Amino acid sequence: MSILVVVEHDRGTVAPATFEALTAARSLGEPVHAITLGASADGLVDQLAAHGAAVVVQAHHDLLADYGPEAWGDTVAQYVGHTSPSAVIATGTDRGNEVLAHVGAILDLPFVANCLSFDTAGAFDTAGAADPWQITRVRWGGSLLEQCELSATTKLVTMTHHAVEATESPGIASTESFAPSLEPWHGRSVVVDRVERAAGVTLATAPVVVGGGRGVGSPEAFAPLEDLASLLGGVVGCSRAVTNNGWRNHTDQVGQTGTRIAPDIYLACGISGAIQHWVGAMASKKILAINTDPEANMVAKADYAVIGDLHQVVPAIAAEIRRRRNA
Amino acid sequence: MRVLVCVKRVPAPGAKINITADGLAIDTAYLAFTTSPHEECAVEEAVRLVEQHGGEATVLTLGPAEADEQLRYAASLGVAKAVLLPIVGADWDPQRTAAAIATAIAELESADGPFDIILFGNESADSGGFQVGVRVARSLGRPIVNGIKGIEVVGDGTVRARRESEVGLEVYALPTPVVLGVKEGINLPRYPTLKGRLGSKKIEVGQIVPDVAAGGQRMVTLLPAAEQVGATTILGHGPDAAAAVVDLLEELGVL
């Protein structure tokens, strides 16, 4: 038996979460095979071997030249059909979850998304696979955990991002080629065009995020937050209440259904700290809440707080920065 | 154009999620319920598609009898028909949910013809299984792409759909009939009008009682996530705290 890891990559650039999936796969004590889809990923063998892949399966087909959820799903499902691995592990990302959902649908197997850990020490069946697995996974974007049992001949799981720390396990991988049988219809859901984003600091990568909530009060009142963010080389984010009011674009929304941020410091201004927002902000290294309500959830969960009206506090911080820079 | 939108009734938690004593559900005694956020936008998108291209939108949910509330909310925004797949007790697992929805869709389509576009939310806010839409689409033999933040019907039976990626946008050109998993941000949902609210009280909610076997994922218990511990350091009150804040920013090296 083996464990199959689906390598997430975009036209040959590997997604770092793949190494977390490989690390999780190694912990199961069976040989780890990694499958790459499309010739653009052929150059990844050494990186995959360094993270413990014993075999790299290179799937080649014209319809795998770019990402397509149906073509990727059928390719992985066919390989699983040929080799019957005890588990398939993928990244808990948009693509990883999407591909394994397809594999589960095609093979009529259960699929458990966004796992934190799994315990395979249950009773072993005759095929040598532990059944069921005891799994801990995230719900509500990470604010609640679920323990569940997964019973299947081949277990399909994705690892939630940062659940395990990727570590290396240097080795040499052999390669094998796999030619899936794909039909022209598989091409209907392959990417046909792309629009590249302009380079610059994004909400997801900014070292400082200045967030505004309902307490900001209007679209115009975000100007002092913009000013502070630009002084700090950061960007402005907002809560779902703000986007629902039409004050700012959804691209600025921090939260479960918006962007997950991980800045060095998050300045949360006039934000109550509902679950929806908190799960998007909780990976911040430090959080400073500015709020009139000392009992606000955001204040309780933050590392630091200023109790006061953001409309006075934010401009005062900006003025103090300018004063020290000019001193 | 015939559009179907599938939604889920979920609790609307505030700052904290409490678990029931048996560990099998979240304590909703003091919570309101809502339509899962991605699906709120899917409903809005369904209504917009019909406004632009004519036809009719239908909303469908698998859930408790109380999910009638979410169906009527969709109706108050302009969805014409509503279908409830009633279940009793705990949430169904994703395989079982998808099988029930696929069966119901086949029944609706055999009566009134195929849906050109079926919309799901990318994932539900509560269980977050990331798979029901994909399983339904596969079962119906239709294309599906998830994570959609833009839909454009370009004629000749093609839908152009946009999704965000790490580096920008990906564009897909999909033939109808098609299934799409949409994400919040695709639109800004409208609020219901008074006329819409009144009208939604009168619509007849169809029922299709699902009868499918459980899948291979079984929930055992819910657990609270580890809370971040440690007290909050209060840097001060009002604008006088600015100096302490800037001291902190200097200390953290972000200035």
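Here we come to the sheet that holds strand β15 (residues 265–269) of chain A. Spatially, β14(A)-β13(A)-β15(A)-β16(A)-β17(A)-β13(B) is the arrangement adopted by the six strands of the open sheet, whose pairing is parallel. Looking at which strands have only one partner, the edges of the open sheet turn out to be β14 (235–238) of chain A together with β13 (233–237) of chain B. Taking each pair of neighbouring strands and ignoring which way they run, the sheet shows an average axis angle of 20°. Sheet analysis places strand β13 (residues 208–212) of chain A next to β15 of chain A, joined by five bridges and oriented parallel. Bridge pairing in β15 of chain A places Val 208 of chain A opposite Ile 265 of chain A. Its contacts with the sheet place helix α5 (residues 223–231) of chain A against β13, β14 and β15 of chain A, and it is angled at close to 175° to β13 of chain A. Most of the contacts of helix α9 (residues 310–326) of chain A go to strand β16 (residues 286–291) of chain A, to which it runs at about 130°, and overall it touches β15, β16 and β17 (304–307) of chain A.

Chain B puts 83 residues into the contact, and the matching count from chain A is 89 residues. Of the roughly 7000 Å² buried between chain B and chain A, counting both surfaces, carbon and sulfur atoms make up 55%. Sorting the residues of chain B by area buried against chain A places Arg 138, Glu 184 and Gln 217 of chain B first, and these three jointly supply 9% of that buried surface. Applying the counting rule to chain B against chain A returns nine salt bridges. Here Glu 184 of chain B and Arg 240 of chain A are joined by a salt bridge, their closest N and O atoms 2.6 Å apart. The tally of links from chain B across to chain A stands at 42 residue pairs in polar contact (both at pLDDT 80 or more). A per-class count over the side of chain B that touches chain A returns 43 nonpolar, 21 polar and 19 charged. Direction of pairing for β17 of chain A relative to β13 of chain B: parallel, over a ladder of four bridges. Residue pairing in the sheet places Ile 307 of chain A in a bridge with His 237 of chain B of β13 of chain B.

A word on the domain arrangement of chain A. All names here are of chain A. On domain assignment, one finds that chain A holds domain 1 (3–189) and domain 2 (208–326). Centre-to-centre separation of domain 1 and domain 2, based on C-alpha positions: 37 Å. Facing four residues of domain 1, the contacting portion of domain 2 comprises five residues. Across the domain 1 to domain 2 interface the summed buried area is about 340 Å²; carbon plus sulfur atoms make up 58%. Per-residue buried area on domain 1 facing domain 2 is highest for Trp 140, Gly 141 and Ser 143; these three make up 90% of the total on that side. In this structure, the connection of domain 1 to domain 2 is made through zero salt bridges. Inspection of the domain 1/domain 2 interface yields one residue pair in polar contact (both at pLDDT 80 or more). Residues belonging to the side of domain 1 that touches domain 2 are distributed by class as follows: one nonpolar, three polar and no charged.

This part takes up the side chain of Arg 2 of chain B. All names here are of chain B. Position of Arg 2 among the secondary structure elements: in strand β1 (residues 2–7). Of the polar contacts made by the side chain of Arg 2, one reaches the backbone oxygen of Gly 113; its length is 2.9 Å. For Arg 2, the side chain forms a polar contact with the main-chain oxygen of Pro 114, separated by 3.2 Å. Other than its neighbours up to four places away in sequence, Arg 2 contacts Glu 56, Leu 108, Asp 112, Gly 113, Pro 114, Phe 115, Asp 116 and Ile 117.

Calculation criteria
- Residues numbered from 1 in each chain as written.
- Chains lettered and ligands numbered in written order.
- Predicted model: local features only at pLDDT ≥ 70, side-chain atom pairs only at ≥ 80, totals over all residues.
- Heavy atoms only, no water.
- Pairing = 2+ DSSP bridges.
- Helix = DSSP H or I, 4+ residues; strand = E, 2+ residues; numbered from the N terminus.
- Axes fitted to C-alpha atoms, helices over the stretch in contact; angles between N-to-C directions.
- Contact = heavy atoms within 4.5 Å.
- Buried area = accessible area lost by both parts, 1.4 Å probe.
- Salt bridge = Lys/Arg side-chain N within 4 Å of Asp/Glu carboxyl O.
- Polar contact = N/O pair within 3.5 Å; in protein donor to acceptor, adjacent residues only side chain to side chain.
- Nonpolar A, V, L, I, M, F, W, Y, C, P; charged D, E, K, R; others polar.
- Domains from an automatic or database assignment.

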